Every structure is written in structure tokens, then in C-alpha cells.
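# Fold and geometry: a report
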2 protein chains.
Amino acid sequence: MATSETQIIQRFFRDLGALRADVVLGVGDDAALLTAPAGMQLAMTTDALVEGVHFRGGAPPRSLGHRALAINLSDLAAMGATPAWALLSLNMPQADEAWVGEFANGFGALAREYGVALVGGNLSRGPLSITVQLVGFVPHGTALRRDGGRPGDDIYVSGTLGDAAAALLLERGELSATPPAQEFLRRRFEYPQPRVLQGLALRGVARACIDISDGLYADLERVLQASGCGAVLEVESLPLSPALREALGEGAWRLALAGGEDYELCCCIAPARALKPAGAAVPYLEGLTRIGTLRSEPGIELRLANAVTQFSHSGFDHFRE
Amino acid sequence: MATSETQIIQRFFRDLGALRADVVLGVGDDAALLTAPAGMQLAMTTDALVEGVHFRGGAPPRSLGHRALAINLSDLAAMGATPAWALLSLNMPQADEAWVGEFANGFGALAREYGVALVGGNLSRGPLSITVQLVGFVPHGTALRRDGGRPGDDIYVSGTLGDAAAALLLERGELSATPPAQEFLRRRFEYPQPRVLQGLALRGVARACIDISDGLYADLERVLQASGCGAVLEVESLPLSPALREALGEGAWRLALAGGEDYELCCCIAPARALKPAGAAVPYLEGLTRIGTLRSEPGIELRLANAVTQFSHSGFDHFRE
């Protein structure tokens with residue numbers, strides 16, 4: 001007899017992630033029961049990974065478990081929220097215990113790192129796809145939204161950009177790189193580090209924030225549209241990893257602008273605020289890179305070597321050719 | 001140019017469902033922002049529909065929108081929770097506006113009926129599958145769990161059983177029925193009515209509750225396992241629709257026991273409680289049918305014409321052959 005649905009849930013998904021006192025009833029009933037903290041708003045998000053769209057067939061299950069949670073943690077990071085409870089909906093063609101075990105390991109390790117409890121979910125047969133829902137908390141009125149940017153704000157990003165997109169080019173054989181660079185870029189794609197702590201440090205500091213999942217250019221456009229302004233980006237300021245520079249040379253900045261799957265934060269900070277990171281927030285804010293400025297004129301102007309440069313890109317869209 | 005992801009979201013999913021004052025920020029940012037009510041626990045669930053597993057290719061999209069929400073409403077009903085906020089994760093092979101419009105109509109109509117706001121979600125290209133997450137509220141300590149049944153409790157179910165399973169047999173050509181019976185059974189499959197109001201009426205009345213999604217027999221077994229007891233079921237008491245009786249005749253009770261996709265409630269009530277439904281709960285509790293009794297001896301004993309009868313069934317399991 002093949003492994004049953006109930007056996008898989010009991011063996012791999014019960015008590016996965018952090019143990020939390022606010023979980024009254026976790027995996028195993030019709031719904032989870034949870035105690036929300038007083039004085040906080042809930043931040044709630046969902047994101048999915050689909051085979052053939054977000055990952056190739058045969059992708060390492062541990063990476064998929066990590067990424068499925070990481071992309072949702074990144075959404076909460078962009079709101080400045082503290083993550084708490086996750087639901088997992090997993091469709092898979094068969095019950096491969098080794099696969100599920102590795103998947104759960106990847107999911108569980110990241111969940112424990114950020115204090116997330118898996119409180120429920122759903123298993124179904126079907127083409128492989130993974131959907132995670134994540135709930136977190138943010139004090140009333142302090143969430144980082146997309147619509148708070150104002151002309152004059154400095155634009156910052158966390159980490160380095162374009163690495164995950166380069167990993168996909170490598171995988172498709174459209175790029176070559178030295179083995180250490182390949183390894184670095186591949187890990188950046190397979191194990192993105194959600195910027196949860198940076199997001200928390202940006203509360204009360206940033207006026208707008210978004211996570212970069214569809215590429216900096218496309219996601220910054222969303223902030224600009226919500227905030228009703230435009231931006232000037234200094235291309236030479238874009239933070240690029242040595243591996244990306246090595247693999248792409250002069251053209252690296254284009255991938256940093258257009259590449260998806262980065263899961264870094266892009267935020268807008270009033271110049272007066274940016275100069276004074278204080279206390280516990282310092283190490284996280286010091287890791288941000290200033291890449292440009294908001295302005296009232298709409299659109300994104302790119303500056304390279306003190307001249308305006310051209311760039312055409314429509315951002316990733318699932319349903320636009 | 002094909003319809004873009006953002007256009008679909010703006011056109012079909014923004015402000016879908018009920019307008020709720022506790023939704024601070026809905027569709028359109030990295031996460032939704034919500035205000036949880038004081039003194040309540042949150043009940044949180046997720047359930048999915050996968051093409052080829054839960055519905056056939058070409059199934060009517062309005063029904064899919066309805067069912068995707070209904071199966072989650074049913075989970076909250078089984079906890080006695082009041083539904084509030086939904087997230088929708090939709091994977092589809094292409095952006096067919098007519099399809100999406102009908103899907104959203106089905107989802108939205110049911111959401112408005114039960115006061116549910118769609119607060120966020122995710123669209124992706126991929127094989128058609130629909131995952132919904134639903135959050136609701138229940139006063140502290142009043143949720144209907146699976147583990148509260150005690151020997152001597154009466155077992156009740158809502159509605160009629162087996163209709164959805166009969167609809168699937170009709171669809172596969174393994175059953176025939178008159179056109180009115182076909183129509184009735186098909187609607188029971190395509191538009192299940194989640195027993196949200198019954199679930200609320202059962203708070204403080206039932207000691208255990210579950211929703212019947214994998215068949216009465218399999219789901220009652222889950223209650224028995226959690227509650228540490230067994231049950232006697234009176235087969236002649238199973239509530240059967242006239243259409244099911246007409247189509248299946250003498251064998252109808254087997255489908256009522258084993259058939260999935262009913263989305264009715266099964267609950268256990270101490271006899272002293274069952275006799276006194278009071279106030280607003282009366283119409284909902286009067287619609288329940290008593291089908292048996294919990295006992296300390298484990299297992300399910302079926303009684304038919306005052307004799308013990310045999311029944312072998314393992315319940316639906318996605319990964320067991």
C-alpha cells in the first residue's frame with residue numbers, strides 16, 4: 001500500500017516549524033485555531049510555485065520547501081510584518097516519501113528560523129505546485145505600503161540584484177561562469193534569504209516598500225504608480241554580486257534591473273531619515289544600497305556615466321506574451 | 001496583447017465579495033492588512049480544487065468559483081466559525097477573460113452571501129488548480145473540534161448524503177436517472193451549500209463536528225479516532241434525497257456512506273442537549289438528521305433492518321490505491 005495522505009501529514013507536516021504559544025489547535029482538524037495578539041494588525045499573503053513556471057522538473061525538493069516559504073516571508077518583510085502562521089497546500093503527482101521529507105526539511109528549517117508555525121494545509125494529487133499562505137503581525141498603522149513614496153525620497157535596495165535571473169540563464173545554458181560563481185548564483189536562486197529583519201528595521205523609517213519578485217524595474221514601477229511619482233535610478237549604483245559581474249561583465253546591470261526572483265526589498269526613505277539609523281536597526285539598514293531618487297515627473301529615468309540611458313522592459317507577467 | 005496579470009486582478013478580483021470594515025488594505029499590495037476582532041480566536045483553513053482530480057476539464061467556471069470557496073466555508077462551518085477573509089491562489093494555463101469572469105462571479109456571489117471579503121491572492125500560469133485560504137472568527141473556547149465526542153452522544157448529519165457522488169457516477173456514464181433527478185444531483189455537486197449557519201447554531205450544542213468531504217464513513221472515522229470511541233449507525237436513518245433514491249434504489253445508502261464531496265456536517269450531541277434547541281438555532285438544528293450513537297467499543301457498526309450489516313470502505317485518499 002502506498003503511503004496515505006494522513007500518514008504523510010502525520011509524519012512530515014505535524015508540528016513543522018516553530019512551536020508557538022498562540023497556536024491553540026494546529027494541523028489535524030477542519031481548521032487551525034489561533035490567538036491573535038492585541039494591538040496588532042494582521043498581514044496576510046499567499047504565493048505559489050508551479051512546476052515548469054517557477055521551477056524546472058526535478059528541482060531539489062529541499063530548495064522548493066525553502067523557496068515556497070521564502071517568497072511569502074518576503075511579502076511580509078515588504079510590509080514590515082513579523083511572520084507567525086503558515087498554511088501549505090501541496091499538489092503532487094505521487095507520494096514520494098523521500099521527496100516530501102526533503103521538502104519538509106527545507107520548509108521547516110526556514111520556518112524555525114523566522115518563528116513560523118505550520119498550522120494547517122492540504123494535500124492533493126495533481127501536477128506539482130506549492131501554495132503557501134502566511135499571516136504575520138504589524139502594529140496598527142506602521143505597515144510599509146507601496147503608496148507612501150514622495151518626490152525627493154531616496155530609493156534603496158537590500159542585497160544584490162540579478163543573481164537569481166543569472167542562475168536561470170546558467171541552467172538554460174545561455175550563460176557560462178566559473179564553478180564558484182555558478183554555485184553562488186544557483187544558491188541565490190534556490191535559497192533566497194527573505195529580508196524579514198530588514199523589513200522590521202524599516203518600520204518608521206521607510207515611506208514605501210515592495211519586495212522584488214518580478215525584477216527591480218517592474219516592481220519599482222508598482223511603487224511609483226501607487227505613490228503617484230517617478231524615479232531616477234543611477235545604474236552604476238545597482239548592487240551587483242562579484243559572481244554576477246564576472247558572469248555578465250558590462251551587461252550585468254540589465255539583469256539587475258529586469259531579472260526576477262530576487263526577493264530583495266526596494267524602499268523609499270526621506271533623506272532626513274536615512275542619515276540616522278538608530279539602535280538595533282543599524283546593521284540591517286547599513287546593508288541597504290542607495291540606487292536613486294523619487295521625483296514628481298512620472299516614469300523611470302536611468303542614468304549611466306552621467307547620461308540618460310535607454311532600457312526597454314515590461315517586467316515579468318504570467319499572461320502577457 | 002493578451003490580458004495581463006494586473007489587468008485580470010484589477011478587473012475581476014479587486015473588491016470581490018463583501019465589503020468589510022476590518023479590511024484595512026485589500027488586494028494590491030505585498031500583503032493584506034486586517035484588524036482581528038477582540039475576544040475571538042481565528043480559525044484558518046485551506047483547501048484546493050485540481051483539474052482532473054476534483055473536477056473534469058471543461059467544468060463550468062462559475063461552479064468552480066463557487067466550489068473553491070464553498071469547500072473552505074464548509075471547513076469553517078465544521079469549526080463553528082464565522083467566515084471573514086479569503087485569499088485566492090489561481091493557476092491557469094491561459095488568461096481567458098470569459099472564464100475568469102464566470103469564475104469570479106461564482107466566487108463573489110457566495111462570498112457576499114457569507115460576508116467574506118477577498119483580500120488578496122496570486123495568479124500564475126500553470127495547470128488549472130485553485131487554492132483558497134479562509135480565515136474566520138470563533139469566541140474563545142467555543143470552536144467545534146473533532147475530539148469532543150463521548151459514548152452515548154447522538155450522531156447527526158445536515159442535508160442529504162451521496163448526491164455529489166451520484167453526480168460523478170452520472171457524469172462518467174456509470175449511472176442513469178431521469179432528467180430532473182440528474183439536474184438535482186448535478187447541482188448538488190456543482191453548487192454545494194456550506195452549512196455555515198448550522199455550524200454557528202451548533203456552538204455550545206455539539207461536542208464534536210467535522211465536515212463530510214471524503215464520505216461520511218471516512219470522516220466519521222476521523223471523529224471517532226480523535227474522540228477515542230466507536231459508533232453505531234442506523235443505515236435506514238441516513239438522509240437520502242428523492243433523486244438519489246430514484247437513481248440508486250436499494251443501494252443508495254452505500255453511496256451515502258462512502259461518497260465524497262457532500263460538504264454536509266456530521267456532529268455529536270449529548271442526548272440531553274439535542275432535545276432542547278433554543279432561539280435562533282432552532283431552524284438550523286431541526287434540519288439535522290439523527291443517524292446513530294457513539295459507543296465506547298471502537299469501530300463503526302452498521303445496523304440495517306435491526307441486524308448488523310457489513311460494509312467495506314477505506315475512504316478517499318489521494319495517495320492510496
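Going by the structure above, here's the rest.
Remember, it's a predicted structure, so these values are computed and weren't measured experimentally.

## A look at the overall build of chain A
Along its length, chain A carries 11 helices and 13 strands. A globule of 321 residues ought to have a C-alpha radius of gyration of about 20 Å, and chain A, at 20 Å, matches this closely. Oriented by its inertia axes, the alpha-carbon framework of chain A measures out at about 70 × 50 × 35 Å. Counting only residues that meet the buried cut, chain A has 60% of its 321 residues in that class. The long-range fraction of contacts in chain A, counting pairs at least 24 apart against all pairs at least 6 apart in sequence, stands at 86%.

## Topic: the interface of chain B and chain A
Between chain B and chain A, the contact holds 69 residues from the first and 67 residues from the second. Between chain B and chain A the total buried area reaches about 5500 Å² when both faces are included, carbon and sulfur atoms providing 59% of it. On inspection of chain B and its partner chain A, the count reaches 12 residue pairs in polar contact (both at pLDDT 80 or more). In terms of residue count, strand E3 (residues 40–50) of chain B provides more of the side of chain B that touches chain A than any other element does, 9 residues in total.

## Let's talk about the packing of aromatic side chains
What describes a pair of aromatic rings is the distance from one ring centre to the other and the angle between the planes of the rings. By the definition in use, this model includes 7 aromatic pairs over all chains. Seen from their ring centres, Phe13 of chain A and Phe103 of chain A are 6.5 Å apart, and the 75° between their planes marks the pair as edge-to-face. Here the residue Phe13 of chain A occupies a position in helix H1 (residues 5–13), and Phe103 of chain A occupies one in helix H3 (residues 97–113), the gap between them amounting to 90 residues. No difference in accessibility class separates Phe13 of chain A from Phe103 of chain A, as the two residues are buried. Ring centres of Trp99 of chain B and Phe103 of chain B lie 5.4 Å apart, and the angle between their planes is 10°; this geometry places the pair in the stacked category.

## As for the pattern of salt bridges
Applying the stated criterion across every chain, the model contains 42 salt bridges over all chains. The network of salt bridges with common partners includes Asp163, Arg188, Arg195 and Glu264 of chain A.

## With respect to the pairing of strand E10 (residues 264–269) of chain A
Residues and elements named next belong to chain A. Across the 6 residues that make up E10, a large majority, 6, are buried. As paired strands, strand E7 (residues 154–157) and E10 are joined by 4 bridges and run antiparallel to one another. Across the sheet, the residue bridging to Asp154 is Ile269, located in E10. Sheet topology places strand E8 (residues 206–212) next to E10; 6 bridges connect them, and they run antiparallel. Paired with Ile212 across the bridge in E10 is Glu264.

## Some points on the sheet that holds strand E6 (residues 129–139) of chain A
The mixed open sheet is built from 6 strands, whose spatial order is E5(A)-E4(A)-E6(A)-E3(A)-E2(B)-E1(B). Each edge of the open sheet carries a strand with a single partner, namely strand E5 (117–125) of chain A together with strand E1 (23–25) of chain B. The mean inter-strand angle of the sheet, taken between neighbouring strand axes irrespective of direction, is 20°. The strands touched by helix H2 (residues 61–79) of chain A are strand E3 (40–50), strand E4 (82–92) and E6 of chain A together with E1 and strand E2 (32–34) of chain B; relative to E3 of chain A, the strand with the most contacts, the crossing angle is about 145°. Across the sheet, H3 of chain A is in contact with E4, E5 and E6 of chain A; its angle to E4 of chain A comes to roughly 165°.

## Quick notes on H2 of chain A
Residues and elements named next belong to chain A. With 19 residues, H2 extends 28 Å between its outermost C-alpha atoms, agreeing within 8% with the 27 Å of an ideal straight helix rising 1.5 Å per residue. Among the 19 residues in H2, 18 count as buried, and that is most of the element. Following H2 by one or two positions, Gly80 has its phi on the positive side, about 75°.

## Describing the environment of Gly126 of chain B
Locating Gly126 of chain B in the fold gives a position in the loop between strand E5 (117–125) and strand E6 (129–139). C-alpha separation for the pair Gly126 of chain B and Pro83 of chain B, spaced 43 residues apart in sequence, amounts to 29 Å. Ignoring sequence-local partners within four residues, the contact set of Gly126 of chain B consists of Val50 and Val53 of chain A together with Asn91, Met92 and Pro93 of chain B.

## Some remarks on helix H1 (residues 5–13) of chain B
Residues and elements named next belong to chain B. Among the residues of H1, Glu5, Ile8, Phe12 and Phe13 are the ones counted as buried. Each buried residue of H1 lies within a common arc of 70° when the element is viewed along its axis, so the set occupies one face. Of the surrounding secondary structure, the elements contacted by the buried residues of H1 are strand E4 (82–92), helix H3 (97–113) and E5.

## Observations concerning empty space enclosed by the protein
Residues and elements named next belong to chain A. Enumeration according to the criterion identifies 2 cavities of 30 Å³ or more in this entry. Volume-wise, the largest cavity comes out at about 40 Å³. Around the largest cavity sit Phe55, Arg56, Ala59, Pro60, Ser63, Leu64, Arg67, Glu171, Phe189 and Glu190, which together line it. The biggest single contributor to the lining of the largest cavity is H2, with 3 residues. When grouped by side-chain class, the residues that make up the lining of the largest cavity number 5 nonpolar, 1 polar and 4 charged.

## What to know about the relation of the copies chain B and chain A
Mapping between the two chain copies consists of a rotation about an axis together with a translation along that axis. Take chain B, turn it by 180°, move it 0.0 Å along the axis, and it overlays chain A with an RMSD of 0.0 Å. Within this description, the copies of the chain are treated as partners about a two-fold rotation axis. Taken together, the interface assignments show that 97% of the residues at the interface of chain B recur at the interface of chain A, consistent with an identical surface on both copies.

## Examining the sheet that holds E7 of chain A
All names here are of chain A. What the 7 strands build is an open sheet, ordered E8-E10-E7-E11-E9-E12-E13; its pairing is mixed. Each end of this open sheet is capped by a strand with a single partner; those strands are E8 and strand E13 (307–309). Put simply, the sheet's adjacent strands are angled 30° from each other on average, direction ignored. One ladder, built from 3 bridges, connects strand E12 (residues 300–304) with E13; its direction is antiparallel. Directly across from Arg303, in E13, lies its bridge partner Val308. Here helix H7 (residues 216–227) sits on the sheet in contact with E7, E8, strand E9 (230–234), E10, strand E11 (289–295) and E12, set at roughly 145° to E8.

Cut-offs used in this document
- Residues numbered from 1 in each chain as written.
- Chains lettered and ligands numbered in written order.
- Predicted model: local features only at pLDDT ≥ 70, side-chain atom pairs only at ≥ 80, totals over all residues.
- Heavy atoms only, no water.
- Helix = DSSP H or I, 4+ residues; strand = E, 2+ residues; numbered from the N terminus.
- Rg over C-alpha atoms; globule rule 2.2 N^0.38 Å.
- Buried < 20%, exposed > 50% of the residue type's maximum accessible area, 1.4 Å probe, protein only.
- Contact = heavy atoms within 4.5 Å.
- Buried area = accessible area lost by both parts, 1.4 Å probe.
- Polar contact = N/O pair within 3.5 Å; in protein donor to acceptor, adjacent residues only side chain to side chain.
- Phe/Tyr/Trp six-rings, centres within 6.5 Å; stacked < 30°, edge-to-face > 60°.
- Salt bridge = Lys/Arg side-chain N within 4 Å of Asp/Glu carboxyl O.
- Pairing = 2+ DSSP bridges.
- Axes fitted to C-alpha atoms, helices over the stretch in contact; angles between N-to-C directions.
- Expected span 1.5 Å × (residues − 1).
- Arc of directions from axis to C-beta.
- 1 Å grid on protein atoms, 1.4 Å probe; cavity = no way out; pocket = protein on both sides within 12 Å on 5 of 7 lines; lining within 4 Å.
- Points joined across faces, edges and corners; volume = space filled by probe spheres on them.
- Nonpolar A, V, L, I, M, F, W, Y, C, P; charged D, E, K, R; others polar.
- Least-squares fit on C-alpha atoms with pLDDT ≥ 70 in both.

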